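# What the coordinates show
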Amino acid sequence: FMAWARTIVAGEWIGQEAFYQAPLYPYSLAAWMSLWGGEILFIRIFQVFWGVTGCVLITLAARRYFDRPAALIAGLMFAFYPPAIFFDGLIQKASLGSLLTCVLIYSMSRVDADRKLRGFAVVGVAAGLLSLTRENALAWTALLIGWAFFMRSGRAFKDRLIRVSVVLLGVLLVLLPIAIRNKAVGGEFSLTTFQAGPNFYIGNGLQADGRYRPLVRGHETPQFERADATLLAEQALGRPLSPKEVSDYWMDRAFEEMRKAPGRWLKLFATKLFMAINRYEVSDVEGLTVYSGYSTPLAVLSPVWHFGVLFPLAVVGVFFSAKRWRKFLIFYLMMLVMIIAVAAFFVLARYRFPLVPLLMPFAACGLVGFFRVIKQRNYRILSCALLCLVAGTVAANWPVHPERRLDAAAWMNLGVAWASSEPSNLDEAIPCFRKAVEDNPDAPESHFNYAQALAFSGNLPLAVKHLERTIELDPAILPVRLLLAEIHEHLGNAQAAREQYRAAQALDPDNESATQALKRFADDIDQDP
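Below: a short report on this structure. (Residues numbered from 1 in each chain as written. Predicted model: local features only at pLDDT ≥ 70, side-chain atom pairs only at ≥ 80, totals over all residues. Heavy atoms only, no water.)

Summing up its helical and strand segments, the chain has 27 helices and 0 strands in all. By the compact-globule yardstick of 24 Å for 529 residues, the chain fits well, its C-alpha radius of gyration being 26 Å. With the C-alpha coordinates aligned to their principal axes, the bounding extent of the chain is approximately 100 × 55 × 55 Å. Taking all 529 residues of the chain together, the buried fraction comes to 50%. At a minimum sequence separation of 6, the contacts of the chain that also span at least 24 residues come to 70%. Taken as a whole, the chain presents about 25,300 Å² of accessible surface, with 63% of it coming from carbon and sulfur. (Helix = DSSP H or I, 4+ residues; strand = E, 2+ residues; numbered from the N terminus. Rg over C-alpha atoms; globule rule 2.2 N^0.38 Å. Buried < 20%, exposed > 50% of the residue type's maximum accessible area, 1.4 Å probe, protein only. Contact = heavy atoms within 4.5 Å. Areas by Shrake-Rupley, 256 points an atom, 1.4 Å probe, with all protein chains shown as cover.)

Take the pattern of salt bridges next. Under the counting rule described, the total for this entry stands at 20 salt bridges. Between Glu281 and Arg352 there is a salt bridge, and its shortest N-O distance comes to 2.9 Å. Of the two residues, Glu281 is situated in the loop between helix H13 (262-276) and helix H14 (288-291) and Arg352 in helix H18 (residues 349-352); the sequence distance between them amounts to 71 residues. Between Asp439 and Arg404 there is a salt bridge, and its shortest N-O distance comes to 2.7 Å. (Salt bridge = Lys/Arg side-chain N within 4 Å of Asp/Glu carboxyl O.)

Among the 9 residues of helix H10 (residues 196-204), 8 are classified as buried, and the element is accordingly described as predominantly covered. Restricting attention to buried positions, one finds in H10 the residues Gly197, Pro198, Asn199, Phe200, Tyr201, Ile202, Gly203 and Asn204.

We now examine the environment of Leu483. By the element assignment, Leu483 lies in helix H25 (residues 478-491). The exposure class of Leu483 is buried, given its relative accessible area of 18%. Distance in space between the C-alpha atoms of Leu483 and Leu467 is 8.2 Å, their sequence separation being 16 residues. Ignoring sequence-local partners within four residues, the contact set of Leu483 consists of Phe448, Gln452 and Leu467.

A word on the packing of aromatic side chains. Applying the stated rule across the entire model yields 32 aromatic pairs. When the centroid spacing of 4.8 Å and the interplanar angle of 45° are considered together, the rings of Trp32 and Trp36 count as tilted. On the criterion of helical spacing, the pair formed by Trp32 and Trp36 is a turn pair, its members being 4 residues apart in helix H2 (residues 24-36). For Trp32, a relative accessible area of 15% translates into the label buried. Feature note: the residues Tyr65, Phe66, Phe328, Phe331, Tyr332 and Phe362 constitute an aromatic cluster, connected by ring pairs. Over the ring of Phe19 we find Arg181, and its NZ or CZ is 3.7 Å from the ring centre. (Phe/Tyr/Trp six-rings, centres within 6.5 Å; stacked < 30°, edge-to-face > 60°. Lys NZ or Arg CZ within 6 Å of the ring centre and 35° of its normal.)

This part takes up unusual backbone geometry. A cis geometry characterises the amide bond from Glu422 onward to Pro423, with omega recorded as -5°. With respect to the helices, strands and loops of the structure, Pro423 is situated in the loop between helix H21 (403-420) and helix H22 (426-439). Positive phi is not limited to glycine here, since Arg115 has a value of about 60°.

With 103 residues, the main nonpolar core has Leu104, Met108, Trp147 and Phe331 as its most contacted residues. Excluding its chain neighbours within four sequence positions, the residues that come into contact with Phe331 are Tyr65, Ile105, Met108, Leu358 and Phe362. If you look at the next biggest cluster of nonpolar residues, it comprises 28 residues, including Met412, Ala429, Ile430 and Leu484. (Core = buried A, V, L, I, M, F, W, Y, C linked by side-chain atoms within 4.5 Å.)

Below, the structure written as structure tokens:
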């Protein structure tokens, strides 16, 4: 995101390709950098103010729907919610998405109160901006149109059409310029981005397990995502493809593989539904669990205040608010649609984060409702609320994937960050790599990164051990062979070094390093008396 923002600041405000990733956050960074520079600390502080603003907006919105105690509790719960604190500190679009979700909820509460047309326009603009930050929020647009049409006041058909038109106008005011821009630079029309197809395949192909998996193993970083999706699609079809054709190829391939094994896909989709409401925050590059070791607020709050507590309380809040279901129906549907939208692709914590501001007022309502029915000694209502709490708790805390294995990738990424820093800090990197290997001993990338750090620190025997383990797990990683060969050569194990260079040349006959090394060994043999 910082690299993209720097490109924009350097003059590439329009860009040269259709958007592959949601553009609003990097453009926001670019605007900030143009005015105040690119110091990351100040960007993080600015995002903290986004988070504070979101807490205030949720408090005000909850006050319009519930009472003062519930509103204050909703704001405080959001303020102390560990993933919200975590995301506000990352150079990542989840923080902006959270703010825009809060703006959307608050603007909906204002419309419910005064029914002014400008309020519907703000709702549309907020929904459009959110869609440029988190594409799955597009699923809410149809719901908002229905909400504007079926709102109880102003029942005349003409009034309903006007409200719908104003919401649509607000959405199009944001998205239409993006569509025109994509058409101008990429030749094809898209309201947001062209990554739906590859993402849908990653989440639903035969190898999918509900998490993010790169199309090419080892290519988890953004610079590879678009290139790999395009290259593989063009190789499969044997011709150059446009961004839309690439997306369509992966979408069609996903549906084809889903049809091949419908039972497997149904089980996978059920798993993803549970992942979408699970207590565990599935990390992308940086993990909440890992960062809790470096942050006192996260370390203290994370064990007791997480999605596995928020979701059950929100379920109870839905129960207590059910008497006014017509008023809250839009929010019930938004929750359901967002869960399904997340599960339709693959699950990451930041993908489901728009659910959090939506759930907070209902969680506060559930908490306040519990105290009230206990005080009133209304045991029938209390028993029903407890059943809702138990059902929500079981659903949100049911183990889906081994959490330590999921944390391993974040530990590895942190190790890479330490090792890549200037100057390189191997004393911090090596424990991170060791933790990644311990948490997921079957991940070849973790062993390889650990081995590289060990080799640079001088622990060659242990580096050899982990390189050999990497080869056992995946024999086709070329850099592993080359590094192992270099270490054997350094240790004087000529035969072992030759074997690894030959294996590297078999993987890539054009590899210059392997070719030159084998030639050097041959020359040494010829010169040996």
